[in-house]
Amino acid sequence: MLLLSLHDELCVCDLMLALNLSQPKISRHLAQLREFTVLTAQRRGQWVFYRLNADLPVWMIEVLKVTAHNSAEELADNMSCLSGNPDQNNRC
């Protein structure tokens with residue numbers, strides 16, 4: 001959710017790369033977040049893109065953005081993978 005708060009949208013493949021987790025695990029969690037209307041999804045061809053639900057309360061979106069901003073060090077590797085700049089350990 002923190003990564004999604006920093007990006008307009010991400011697909012499962014982006015999250016797999018950034019989080020170094022399997023597709024089934026990520027898809028399962030995304031499905032739960034969609035079920036609780038925290039996320040919305042849009043299919044484009046074979047890809048499904050996820051984003052924070054625009055109908056979330058403003059305070060909730062703000063909490064996610066502030067948390068992501070204050071977690072920059074912890075998210076650095078994940079963000080590096082999303083930006084296409086793998087770190088020196090080739091984690092991505």
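What counts, and where the lines are drawn
Residues numbered from 1 in each chain as written. Predicted model: local features only at pLDDT ≥ 70, side-chain atom pairs only at ≥ 80, totals over all residues. Heavy atoms only, no water. Helix = DSSP H or I, 4+ residues; strand = E, 2+ residues; numbered from the N terminus. Rg over C-alpha atoms; globule rule 2.2 N^0.38 Å. Buried < 20%, exposed > 50% of the residue type's maximum accessible area, 1.4 Å probe, protein only. Areas by Shrake-Rupley, 256 points an atom, 1.4 Å probe, with all protein chains shown as cover. Polar contact = N/O pair within 3.5 Å; in protein donor to acceptor, adjacent residues only side chain to side chain. Salt bridge = Lys/Arg side-chain N within 4 Å of Asp/Glu carboxyl O. Core = buried A, V, L, I, M, F, W, Y, C linked by side-chain atoms within 4.5 Å. Contact = heavy atoms within 4.5 Å. pLDDT = per-residue confidence, 0-100.

1. Structural notes on the overall build of the protein chain
- Per the secondary structure count, the protein chain includes five helices and three strands.
- When the helices and strands of the protein chain are listed from N to C terminus, the series reads α-β-α-α-β-β-α-α.
- Relative to its length of 92 residues, the protein chain is compact, with a C-alpha radius of gyration of 13 Å against a globular reference of 12 Å.
- Judged by the C-alpha coordinates and their principal axes, the protein chain covers about 40 × 35 × 20 Å.
- Within the protein chain, buried positions represent 28% of all 92 residues.
- Surface accessibility of the protein chain: about 6200 Å² in total, with carbon and sulfur atoms responsible for 52%.

2. Remarks on the environment of Glu9
- Positionally, Glu9 belongs in the loop between helix H1 (2-6) and strand S1 (10-11).
- The spacing of Glu9 and Arg51 is 42 residues in sequence and 4.6 Å in space, taken between C-alpha atoms.
- Within the structure, the side chain of Glu9 is placed 2.6 Å from the side chain of Arg44, a separation counted as a polar contact.
- Reaching out from Glu9, the side chain makes a polar contact with the side chain of Arg51 at a distance of 3.2 Å.

3. As for the pattern of salt bridges
- Applying the stated criterion across every chain, the model contains two salt bridges.
- A salt bridge links Arg44 to Glu9, with the shortest nitrogen-to-oxygen separation between them at 2.6 Å. Linking Arg44 in strand S2 (residues 39-44) with Glu9 in the loop between H1 and S1, this pair joins segments that are 35 residues apart in sequence.
- Owing to a relative accessible area of 35%, Arg44 belongs among the partly exposed residues under this scheme.
- Residues Arg51 and Glu9 are paired through a salt bridge, measuring 3.2 Å at the closest nitrogen-oxygen approach.

4. A closer look at the nonpolar core
- Judged by nonpolar contacts, the single largest core of 18 residues is most densely connected at Leu3, Leu15, Leu30, Leu39, Tyr50 and Leu52.
- Of all the secondary-structure elements, those providing two or more residues to this core are H1, helix H2 (12-19), helix H3 (23-35), strand S3 (47-52), helix H4 (58-70) and helix H5 (72-82).
- Once residues within four sequence positions are removed from consideration, Leu30 is found in contact with Val12, Leu15, Leu39 and Tyr50.

5. A word on the confidence of the model for the protein chain
- Chain-level pLDDT for the protein chain is 88 on average; 90% of the residues reach the 70-or-more range.
- Element-level mean pLDDT values for the protein chain span from 88 in H5 up to 96 in H3.
- Scored below 50 in pLDDT, residues 85-91 makes 12 contacts in the model with residues more than four places away or belonging to other chains.

6. Here's the deal with the side chain of Ser5
- You can see Ser5 is positioned in helix H1.
- Discounting residues that sit within four places of it in the chain, Ser5 has contacts with Leu52, Leu64, Lys65 and Ala68.

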